[in-house]
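Spelled out from the first residue to the last, the chains are:
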Amino acid sequence: MSPAPLPTDLNGIRRLDRDDRLAGFRAEFELPADVIYLDGNSLGALPKAAKAIARRTVEQEWSQGLVRSWNDAGWYDMPRRLGAKVAALVGAGPDEVVMTDATGIDLFKVVAAALALRPDRGVVVMEGSNFPTNNYSVQGLIRLLGDRHQVRFVEAARLIDAITDDVAVVCLTHVHYKFGHIHDMAAITERAHTVGALTAWDVCHSAGALPVDLNGCGADFAVGCTYKYLNGGPGAPAFLFAASRHHGQAWQPLTGWWSHAEPFAFERDYRPAPGIAQMLSGTQPVLSMAVAEAGLDIAARAPIEQVRQKSMRLGDLFLALVADSCEEHGFRVACPQDAQQRGSQVSLSHPHAYSIMRALIDCGVIGDFRAPDVMRFGLTPLYLRYEDIYDAVQVLQEVMDTETWRRPEYAQRLAVT
Ligand SMILES: *Cc1c(COP(=O)(O)O)cnc(C)c1O
(Lines give C-alpha, C1' and ligand atoms only; values in the text may rest on other atoms or scores of the structure.)
Protein backbone atom coordinates (compact mmCIF):
# COMPACT_ATOMS: atom_id res chain seq x y z
CA MET A 1 0.00 0.00 0.00
CA SER A 2 1.54 3.33 -0.98
CA PRO A 3 0.40 6.37 1.01
CA ALA A 4 -1.57 9.21 -0.59
CA PRO A 5 0.56 11.83 -2.37
CA LEU A 6 2.03 14.39 -0.06
CA PRO A 7 0.44 17.86 -0.08
CA THR A 8 2.82 20.83 0.15
CA ASP A 9 0.22 23.58 0.72
CA LEU A 10 -0.48 24.71 4.26
CA ASN A 11 -4.06 23.46 4.32
CA GLY A 12 -3.03 20.03 3.15
CA ILE A 13 -0.18 19.95 5.65
CA ARG A 14 -2.53 20.84 8.50
CA ARG A 15 -4.76 17.99 7.38
CA LEU A 16 -1.79 15.63 7.74
CA ASP A 17 -1.40 16.80 11.32
CA ARG A 18 -5.10 16.35 12.05
CA ASP A 19 -4.96 12.79 10.72
CA ASP A 20 -1.69 11.95 12.48
CA ARG A 21 -2.20 9.01 14.83
CA LEU A 22 1.05 9.85 16.67
CA ALA A 23 0.08 13.47 17.31
CA GLY A 24 -0.80 12.80 20.96
CA PHE A 25 2.80 11.95 21.85
CA ARG A 26 3.92 15.57 21.46
CA ALA A 27 2.19 16.49 24.72
CA GLU A 28 4.45 14.05 26.56
CA PHE A 29 7.50 16.17 25.78
CA GLU A 30 8.58 19.55 27.01
CA LEU A 31 9.72 21.80 24.19
CA PRO A 32 10.52 25.52 24.19
CA ALA A 33 7.63 27.47 22.66
CA ASP A 34 9.74 29.46 20.21
CA VAL A 35 11.75 26.57 18.81
CA ILE A 36 11.32 24.10 15.98
CA TYR A 37 13.51 21.27 17.13
CA LEU A 38 15.17 19.37 14.30
CA ASP A 39 18.05 17.99 16.31
CA GLY A 40 16.50 15.02 18.07
CA ASN A 41 19.08 12.87 16.29
CA SER A 42 21.73 14.57 18.41
CA LEU A 43 19.89 15.10 21.70
CA GLY A 44 16.27 14.01 22.02
CA ALA A 45 13.72 16.24 23.76
CA LEU A 46 12.83 16.03 27.44
CA PRO A 47 9.96 13.67 28.30
CA LYS A 48 7.84 15.37 30.96
CA ALA A 49 7.83 12.14 32.97
CA ALA A 50 11.61 12.34 33.27
CA LYS A 51 11.35 15.34 35.58
CA ALA A 52 9.29 13.44 38.14
CA ILE A 53 11.71 10.52 37.96
CA ALA A 54 14.68 12.84 38.48
CA ARG A 55 13.00 14.39 41.51
CA ARG A 56 12.13 11.02 43.00
CA THR A 57 15.58 9.59 42.42
CA VAL A 58 17.33 12.53 44.03
CA GLU A 59 14.91 13.51 46.77
CA GLN A 60 13.81 10.07 47.92
CA GLU A 61 16.10 7.35 46.66
CA TRP A 62 19.35 9.20 47.13
CA SER A 63 18.44 11.64 49.90
CA GLN A 64 16.48 9.25 52.11
CA GLY A 65 17.26 5.77 50.86
CA LEU A 66 20.99 6.33 50.51
CA VAL A 67 22.96 3.14 49.97
CA ARG A 68 19.86 1.02 50.68
CA SER A 69 18.49 2.18 47.33
CA TRP A 70 20.83 -0.18 45.48
CA ASN A 71 18.40 -2.85 46.66
CA ASP A 72 15.21 -1.01 47.61
CA ALA A 73 14.99 1.25 44.55
CA GLY A 74 16.36 -1.35 42.16
CA TRP A 75 19.48 0.61 41.25
CA TYR A 76 21.57 -2.52 41.02
CA ASP A 77 19.29 -4.15 38.45
CA MET A 78 19.00 -1.10 36.23
CA PRO A 79 21.45 -2.07 33.47
CA ARG A 80 19.62 -5.38 33.00
CA ARG A 81 16.09 -4.10 33.56
CA LEU A 82 16.43 -1.10 31.22
CA GLY A 83 18.43 -3.23 28.81
CA ALA A 84 15.41 -5.51 28.51
CA LYS A 85 13.26 -2.49 27.65
CA VAL A 86 15.69 -1.48 24.93
CA ALA A 87 15.80 -5.08 23.71
CA ALA A 88 12.11 -4.97 22.90
CA LEU A 89 12.76 -1.96 20.64
CA VAL A 90 15.58 -3.50 18.63
CA GLY A 91 14.44 -7.06 18.05
CA ALA A 92 16.50 -8.67 20.81
CA GLY A 93 15.68 -11.02 23.66
CA PRO A 94 15.36 -9.51 27.16
CA ASP A 95 18.57 -11.22 28.32
CA GLU A 96 20.63 -10.06 25.35
CA VAL A 97 20.90 -6.33 26.08
CA VAL A 98 22.35 -4.24 28.90
CA MET A 99 22.22 -0.48 29.26
CA THR A 100 25.69 0.65 30.18
CA ASP A 101 28.60 2.97 29.50
CA ALA A 102 28.89 5.00 26.29
CA THR A 103 28.52 3.92 22.68
CA GLY A 104 32.22 4.18 21.96
CA ILE A 105 33.10 2.11 25.03
CA ASP A 106 30.48 -0.51 24.25
CA LEU A 107 31.78 -0.75 20.72
CA PHE A 108 35.28 -1.34 22.06
CA LYS A 109 33.91 -4.16 24.20
CA VAL A 110 31.94 -5.95 21.53
CA VAL A 111 34.58 -5.67 18.82
CA ALA A 112 37.13 -7.02 21.28
CA ALA A 113 34.84 -9.95 22.08
CA ALA A 114 34.20 -10.56 18.39
CA LEU A 115 37.91 -10.49 17.50
CA ALA A 116 38.54 -13.02 20.25
CA LEU A 117 35.98 -15.28 18.59
CA ARG A 118 37.91 -15.08 15.29
CA PRO A 119 41.53 -15.40 16.47
CA ASP A 120 42.85 -16.45 13.07
CA ARG A 121 41.54 -13.41 11.21
CA GLY A 122 42.92 -9.87 11.10
CA VAL A 123 40.50 -7.56 9.28
CA VAL A 124 37.72 -5.31 10.58
CA VAL A 125 35.50 -3.83 7.86
CA MET A 126 34.22 -0.32 8.60
CA GLU A 127 32.74 2.56 6.66
CA GLY A 128 35.45 5.22 6.80
CA SER A 129 33.00 8.13 6.72
CA ASN A 130 31.15 6.76 9.75
CA PHE A 131 30.95 8.71 13.01
CA PRO A 132 34.63 8.95 13.96
CA THR A 133 34.41 7.72 17.54
CA ASN A 134 33.66 4.25 16.18
CA ASN A 135 36.82 4.33 14.08
CA TYR A 136 38.83 5.65 17.01
CA SER A 137 37.53 2.97 19.38
CA VAL A 138 38.49 0.19 17.01
CA GLN A 139 41.84 1.78 16.19
CA GLY A 140 42.60 2.04 19.92
CA LEU A 141 41.66 -1.59 20.40
CA ILE A 142 43.87 -2.71 17.54
CA ARG A 143 46.80 -0.78 18.98
CA LEU A 144 46.20 -2.38 22.35
CA LEU A 145 46.17 -5.82 20.73
CA GLY A 146 49.64 -5.18 19.30
CA ASP A 147 48.73 -3.98 15.80
CA ARG A 148 47.98 -7.47 14.56
CA HIS A 149 44.69 -6.36 12.99
CA GLN A 150 43.79 -3.75 10.44
CA VAL A 151 40.70 -1.79 9.55
CA ARG A 152 39.53 -2.11 5.97
CA PHE A 153 37.72 1.18 5.37
CA VAL A 154 35.14 0.99 2.61
CA GLU A 155 32.19 3.10 1.62
CA ALA A 156 28.63 1.90 1.21
CA ALA A 157 28.66 0.99 -2.47
CA ARG A 158 31.64 -1.37 -2.14
CA LEU A 159 30.81 -2.97 1.17
CA ILE A 160 29.58 -6.38 0.13
CA ASP A 161 32.64 -7.08 -2.02
CA ALA A 162 34.95 -6.01 0.79
CA ILE A 163 33.58 -8.71 3.10
CA THR A 164 35.98 -11.52 2.26
CA ASP A 165 37.15 -14.58 4.14
CA ASP A 166 39.97 -12.75 5.93
CA VAL A 167 37.43 -10.56 7.73
CA ALA A 168 36.89 -11.11 11.45
CA VAL A 169 34.28 -8.44 12.11
CA VAL A 170 32.05 -6.22 10.02
CA CYS A 171 31.47 -3.14 12.15
CA LEU A 172 28.92 -0.74 10.66
CA THR A 173 26.50 1.95 11.67
CA HIS A 174 23.06 0.94 10.44
CA VAL A 175 22.01 4.52 9.55
CA HIS A 176 24.81 6.91 8.59
CA TYR A 177 25.03 9.84 11.01
CA LYS A 178 25.75 12.46 8.36
CA PHE A 179 24.30 11.26 5.07
CA GLY A 180 21.43 9.25 6.47
CA HIS A 181 21.68 6.19 4.23
CA ILE A 182 20.54 2.86 5.65
CA HIS A 183 22.59 -0.31 5.34
CA ASP A 184 20.79 -3.55 4.63
CA MET A 185 21.44 -5.22 7.98
CA ALA A 186 20.05 -8.58 6.93
CA ALA A 187 21.99 -8.82 3.65
CA ILE A 188 25.29 -7.60 5.10
CA THR A 189 25.01 -9.87 8.13
CA GLU A 190 24.27 -12.81 5.87
CA ARG A 191 27.26 -12.00 3.70
CA ALA A 192 29.45 -11.71 6.78
CA HIS A 193 28.30 -15.09 8.08
CA THR A 194 28.78 -16.68 4.67
CA VAL A 195 32.49 -15.84 4.79
CA GLY A 196 32.74 -16.73 8.47
CA ALA A 197 32.86 -13.18 9.85
CA LEU A 198 30.88 -11.67 12.73
CA THR A 199 28.92 -8.42 12.80
CA ALA A 200 28.89 -5.53 15.26
CA TRP A 201 26.13 -3.06 14.41
CA ASP A 202 25.81 0.47 15.70
CA VAL A 203 22.13 1.40 15.84
CA CYS A 204 22.56 4.92 17.30
CA HIS A 205 20.50 6.47 14.52
CA SER A 206 18.03 3.62 14.22
CA ALA A 207 16.81 2.75 17.70
CA GLY A 208 13.49 4.46 18.27
CA ALA A 209 13.42 5.84 14.74
CA LEU A 210 12.86 2.82 12.54
CA PRO A 211 12.25 -0.90 12.90
CA VAL A 212 15.39 -2.75 13.97
CA ASP A 213 15.40 -6.53 14.08
CA LEU A 214 18.77 -7.63 15.43
CA ASN A 215 17.83 -11.29 15.91
CA GLY A 216 15.77 -11.40 12.74
CA CYS A 217 18.89 -10.31 10.87
CA GLY A 218 21.14 -12.70 12.80
CA ALA A 219 23.28 -9.86 14.18
CA ASP A 220 26.07 -10.97 16.51
CA PHE A 221 26.68 -7.81 18.50
CA ALA A 222 25.27 -4.29 18.54
CA VAL A 223 25.58 -1.02 20.40
CA GLY A 224 23.53 2.17 20.41
CA CYS A 225 22.67 5.46 22.01
CA THR A 226 19.70 6.26 24.21
CA TYR A 227 19.98 10.05 24.10
CA LYS A 228 19.00 10.45 20.44
CA TYR A 229 15.67 9.03 19.26
CA LEU A 230 15.08 7.33 22.61
CA ASN A 231 15.09 10.67 24.44
CA GLY A 232 17.12 9.43 27.40
CA GLY A 233 18.77 12.75 28.23
CA PRO A 234 22.24 14.25 27.76
CA GLY A 235 24.92 11.63 28.37
CA ALA A 236 22.41 8.86 29.04
CA PRO A 237 24.15 5.47 29.02
CA ALA A 238 24.33 3.50 25.80
CA PHE A 239 23.19 -0.08 25.28
CA LEU A 240 24.99 -3.21 24.25
CA PHE A 241 23.56 -6.31 22.56
CA ALA A 242 25.26 -9.68 22.42
CA ALA A 243 23.35 -12.55 20.80
CA SER A 244 22.76 -15.27 23.36
CA ARG A 245 24.71 -17.82 21.27
CA HIS A 246 27.85 -15.80 22.06
CA HIS A 247 27.28 -15.59 25.80
CA GLY A 248 30.08 -17.28 27.66
CA GLN A 249 32.04 -17.76 24.42
CA ALA A 250 34.21 -14.64 24.47
CA TRP A 251 34.93 -12.04 27.10
CA GLN A 252 34.70 -8.35 26.70
CA PRO A 253 38.00 -7.12 28.14
CA LEU A 254 36.91 -4.40 30.60
CA THR A 255 36.40 -7.02 33.27
CA GLY A 256 35.30 -4.94 36.22
CA TRP A 257 33.45 -6.25 39.22
CA TRP A 258 30.00 -5.81 37.68
CA SER A 259 30.97 -8.38 35.08
CA HIS A 260 32.17 -10.88 37.69
CA ALA A 261 30.19 -14.05 38.41
CA GLU A 262 29.81 -12.96 42.05
CA PRO A 263 30.60 -9.26 42.49
CA PHE A 264 29.90 -9.34 46.21
CA ALA A 265 32.07 -12.35 46.88
CA PHE A 266 35.00 -9.92 46.45
CA GLU A 267 37.22 -12.67 45.14
CA ARG A 268 40.78 -11.91 44.16
CA ASP A 269 40.53 -13.36 40.68
CA TYR A 270 38.23 -12.70 37.82
CA ARG A 271 35.50 -15.12 36.90
CA PRO A 272 33.10 -14.02 34.17
CA ALA A 273 29.42 -13.57 34.95
CA PRO A 274 27.26 -15.86 32.86
CA GLY A 275 25.09 -14.32 30.18
CA ILE A 276 24.85 -10.68 29.21
CA ALA A 277 26.11 -9.47 32.61
CA GLN A 278 29.68 -10.18 31.48
CA MET A 279 29.28 -7.14 29.22
CA LEU A 280 29.06 -4.81 32.21
CA SER A 281 32.12 -3.29 33.85
CA GLY A 282 31.42 -1.08 36.83
CA THR A 283 29.01 1.20 38.65
CA GLN A 284 26.70 3.11 36.36
CA PRO A 285 25.41 6.71 36.52
CA VAL A 286 22.19 5.98 38.34
CA LEU A 287 20.67 9.44 37.90
CA SER A 288 21.13 9.32 34.14
CA MET A 289 19.82 5.78 33.88
CA ALA A 290 16.79 6.52 36.00
CA VAL A 291 15.82 9.51 33.90
CA ALA A 292 16.32 7.61 30.64
CA GLU A 293 13.55 5.18 31.50
CA ALA A 294 10.92 7.82 30.70
CA GLY A 295 11.99 7.94 27.05
CA LEU A 296 12.14 4.16 26.79
CA ASP A 297 8.60 3.86 28.13
CA ILE A 298 7.31 6.33 25.56
CA ALA A 299 9.06 4.44 22.77
CA ALA A 300 7.51 1.20 23.99
CA ARG A 301 4.05 2.64 23.41
CA ALA A 302 4.76 4.15 19.98
CA PRO A 303 4.10 1.67 17.14
CA ILE A 304 7.42 1.70 15.30
CA GLU A 305 5.81 1.15 11.86
CA GLN A 306 3.77 4.32 12.36
CA VAL A 307 6.85 6.16 13.55
CA ARG A 308 8.70 5.07 10.44
CA GLN A 309 5.89 6.02 8.07
CA LYS A 310 5.62 9.48 9.58
CA SER A 311 9.38 9.94 9.59
CA MET A 312 9.58 9.13 5.88
CA ARG A 313 6.77 11.57 5.12
CA LEU A 314 8.34 14.34 7.22
CA GLY A 315 11.54 13.86 5.23
CA ASP A 316 9.75 13.79 1.87
CA LEU A 317 7.87 16.95 2.81
CA PHE A 318 11.07 18.71 3.88
CA LEU A 319 12.84 17.86 0.63
CA ALA A 320 9.82 18.79 -1.52
CA LEU A 321 9.47 22.17 0.19
CA VAL A 322 13.19 22.90 -0.11
CA ALA A 323 13.08 21.99 -3.80
CA ASP A 324 10.11 24.37 -4.28
CA SER A 325 11.29 27.34 -2.29
CA CYS A 326 15.08 27.30 -2.14
CA GLU A 327 15.86 26.25 -5.67
CA GLU A 328 18.19 29.14 -6.50
CA HIS A 329 20.12 29.02 -3.23
CA GLY A 330 22.55 26.28 -4.11
CA PHE A 331 21.61 23.50 -1.71
CA ARG A 332 22.47 19.95 -2.63
CA VAL A 333 20.56 17.05 -1.15
CA ALA A 334 23.16 15.02 0.77
CA CYS A 335 20.88 12.17 1.89
CA PRO A 336 18.97 9.61 -0.17
CA GLN A 337 15.96 11.13 -1.95
CA ASP A 338 14.17 7.81 -1.61
CA ALA A 339 12.61 7.67 1.84
CA GLN A 340 13.03 3.88 1.98
CA GLN A 341 16.79 4.34 1.78
CA ARG A 342 16.92 7.20 4.25
CA GLY A 343 17.00 7.22 8.06
CA SER A 344 15.05 9.71 10.14
CA GLN A 345 16.89 12.82 8.97
CA VAL A 346 17.51 14.95 5.94
CA SER A 347 20.89 16.39 5.06
CA LEU A 348 21.63 19.32 2.79
CA SER A 349 25.07 20.43 1.75
CA HIS A 350 26.05 24.00 0.98
CA PRO A 351 29.40 25.82 0.86
CA HIS A 352 28.16 28.12 3.67
CA ALA A 353 26.40 25.41 5.65
CA TYR A 354 27.92 26.47 8.97
CA SER A 355 26.82 30.11 8.78
CA ILE A 356 23.39 29.18 7.47
CA MET A 357 22.84 26.75 10.33
CA ARG A 358 23.92 29.36 12.89
CA ALA A 359 21.45 31.84 11.39
CA LEU A 360 18.69 29.23 11.40
CA ILE A 361 19.33 28.42 15.06
CA ASP A 362 19.14 32.13 15.90
CA CYS A 363 15.72 32.15 14.24
CA GLY A 364 14.58 29.21 16.40
CA VAL A 365 15.05 26.41 13.89
CA ILE A 366 17.52 24.05 15.52
CA GLY A 367 19.36 21.58 13.34
CA ASP A 368 23.08 20.97 13.32
CA PHE A 369 26.20 21.18 11.22
CA ARG A 370 28.54 18.37 10.28
CA ALA A 371 31.88 19.27 8.76
CA PRO A 372 32.75 20.18 6.15
CA ASP A 373 29.50 21.36 4.58
CA VAL A 374 26.46 19.41 5.77
CA MET A 375 23.35 20.74 7.51
CA ARG A 376 21.48 17.98 9.32
CA PHE A 377 17.82 18.06 10.23
CA GLY A 378 16.65 15.30 12.53
CA LEU A 379 13.04 14.17 12.16
CA THR A 380 11.44 12.93 15.34
CA PRO A 381 7.88 11.79 14.64
CA LEU A 382 6.89 11.68 18.31
CA TYR A 383 7.12 15.42 18.82
CA LEU A 384 7.26 17.04 15.38
CA ARG A 385 4.24 18.19 13.40
CA TYR A 386 4.12 18.37 9.63
CA GLU A 387 3.45 22.07 10.05
CA ASP A 388 6.79 22.41 11.88
CA ILE A 389 8.50 21.25 8.71
CA TYR A 390 6.59 23.82 6.69
CA ASP A 391 7.56 26.57 9.13
CA ALA A 392 11.19 25.45 9.26
CA VAL A 393 11.58 25.59 5.48
CA GLN A 394 9.91 29.02 5.45
CA VAL A 395 12.57 30.23 7.89
CA LEU A 396 15.30 28.64 5.79
CA GLN A 397 14.00 30.44 2.72
CA GLU A 398 13.93 33.74 4.61
CA VAL A 399 17.47 33.29 5.92
CA MET A 400 18.59 32.71 2.34
CA ASP A 401 16.49 35.41 0.64
CA THR A 402 17.55 38.08 3.12
CA GLU A 403 21.13 36.76 3.34
CA THR A 404 21.04 37.04 7.15
CA TRP A 405 23.49 34.18 7.27
CA ARG A 406 26.22 36.50 5.97
CA ARG A 407 26.53 38.26 9.33
CA PRO A 408 30.15 37.86 10.44
CA GLU A 409 29.23 36.41 13.85
CA TYR A 410 27.69 33.38 12.15
CA ALA A 411 31.04 32.43 10.66
CA GLN A 412 32.67 32.12 14.10
CA ARG A 413 32.87 28.52 15.21
CA LEU A 414 31.38 27.47 18.55
CA ALA A 415 32.71 24.54 20.56
CA VAL A 416 29.72 22.30 19.81
CA THR A 417 27.91 22.46 16.50
C1 LIG B 1 25.93 9.45 18.48
C2 LIG B 1 26.89 8.42 18.04
C3 LIG B 1 27.89 7.97 18.90
C4 LIG B 1 28.04 8.57 20.28
O5 LIG B 1 29.06 8.01 21.00
P6 LIG B 1 29.30 8.35 22.54
O7 LIG B 1 30.22 7.31 22.98
O8 LIG B 1 27.95 8.34 23.19
O9 LIG B 1 29.88 9.73 22.60
C10 LIG B 1 28.74 6.99 18.45
N11 LIG B 1 28.61 6.44 17.23
C12 LIG B 1 27.65 6.86 16.37
C13 LIG B 1 27.54 6.25 15.01
C14 LIG B 1 26.78 7.87 16.75
O15 LIG B 1 25.85 8.30 15.90
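Residues numbered from 1 in each chain as written. Predicted model: local features only at pLDDT ≥ 70, side-chain atom pairs only at ≥ 80, totals over all residues. Heavy atoms only, no water.

Novice: What exactly am I supposed to notice about the pattern of salt bridges here?
Specialist: Side chains that differ in sign of charge can pair as their charged atoms come close. Summed over the entire model, instances satisfying the criterion amount to 22 salt bridges. The shortest N-O distance in the salt bridge between arginine 56 and glutamate 61 comes to 3.1 Å. For glutamate 61, a relative accessible area of 11% puts it in the buried group. The closest approach of N and O atoms between aspartate 220 and arginine 245, which form a salt bridge, is 3.0 Å. Here aspartate 220, found in the loop between strand 8 (198-202) and strand 9 (221-224), pairs with arginine 245, found in the loop between strand 10 (239-242) and helix 9 (286-301); they are 25 residues apart in sequence, far enough to count as distant. Exposure remark for aspartate 220: the relative accessible area of 1% places this residue in the buried category. The class for arginine 245 is partly exposed, based on a relative accessible area of 43%. Linked by salt bridges that have partners in common, Arg81, Lys85, Glu293 and Asp297 make up one network. (Salt bridge = Lys/Arg side-chain N within 4 Å of Asp/Glu carboxyl O. Buried < 20%, exposed > 50% of the residue type's maximum accessible area, 1.4 Å probe, protein only. Helix = DSSP H or I, 4+ residues; strand = E, 2+ residues; numbered from the N terminus.)

Novice: Help me understand the site of the ligand in this model?
Specialist: Around the ligand lies a shell of 14 residues, among which Gly104, Asn134, His205, Tyr227 and Lys228 are the nearest. At 3.0 Å, a backbone N or O of glycine 104 approaches an oxygen atom of the ligand. In the environment of the ligand, a nitrogen atom lies 3.2 Å from a nitrogen or oxygen atom belonging to the side chain of aspartate 202. Taking 390 Å² as the accessible area of the ligand by itself, protein coverage stands at 84%. For the shell around the ligand, the secondary-structure elements that each account for two or more residues are helix 5 (103-117) and helix 6 (132-144). Counted by class, the shell around the ligand contains five nonpolar, seven polar and two charged residues. (Near = heavy atom within 4 Å. Polar contact = N/O pair within 3.5 Å; in protein donor to acceptor, adjacent residues only side chain to side chain. Areas by Shrake-Rupley, 256 points an atom, 1.4 Å probe, with all protein chains shown as cover. Nonpolar A, V, L, I, M, F, W, Y, C, P; charged D, E, K, R; others polar.)

Novice: What exactly am I supposed to notice about the nonpolar core here?
Specialist: Soluble globular proteins: nonpolar side chains tend toward being buried together. Grouped together as the largest cluster of nonpolar side chains are 46 residues, with contacts concentrated most on Val90, Val170, Leu214, Phe239 and Phe241. When residues of this core are assigned to their parent elements, the largest contribution, seven residues, is made by helix 9. Ignoring sequence-local partners within four residues, the contact set of valine 90 consists of Ala207, Val212, Asp213, Leu214 and Phe239. In terms of nonpolar packing, the next biggest core, distinct from the first, is built from 38 residues, Leu16, Leu314, Ala353 and Leu384 among them. (Core = buried A, V, L, I, M, F, W, Y, C linked by side-chain atoms within 4.5 Å. Contact = heavy atoms within 4.5 Å.)

Novice: Help me understand the packing of helix 4 (residues 78-89) against helix 9, please; the structure alone is not making it clear to me.
Specialist: In a pair of packed helices, the angle between the axes and the distance between the axes together describe the arrangement. In the contact formed by helix 4 and helix 9, the axes pass within 10 Å of each other and the chain directions differ by 25 degrees. It follows that helix 4 is roughly parallel to helix 9 by the angle criterion. At the point where helix 4 passes helix 9, the crossing takes the left-handed sense. Here Met78, Pro79, Arg81, Leu82, Lys85, Val86 and Leu89 of helix 4 lie close against helix 9, whose contacting residues are Val286, Met289, Ala290, Glu293, Leu296, Asp297, Ala299 and Ala300. Each residue belonging to the contact of helix 4 with helix 9 can be placed in one class, and the counts come to eleven nonpolar, no polar and four charged. (Axes fitted to C-alpha atoms, helices over the stretch in contact; angles between N-to-C directions. Parallel < 35°, antiparallel > 145°, perpendicular 65-115°, else oblique. Left-handed = near helix turned anticlockwise from the far one by under 90°.)

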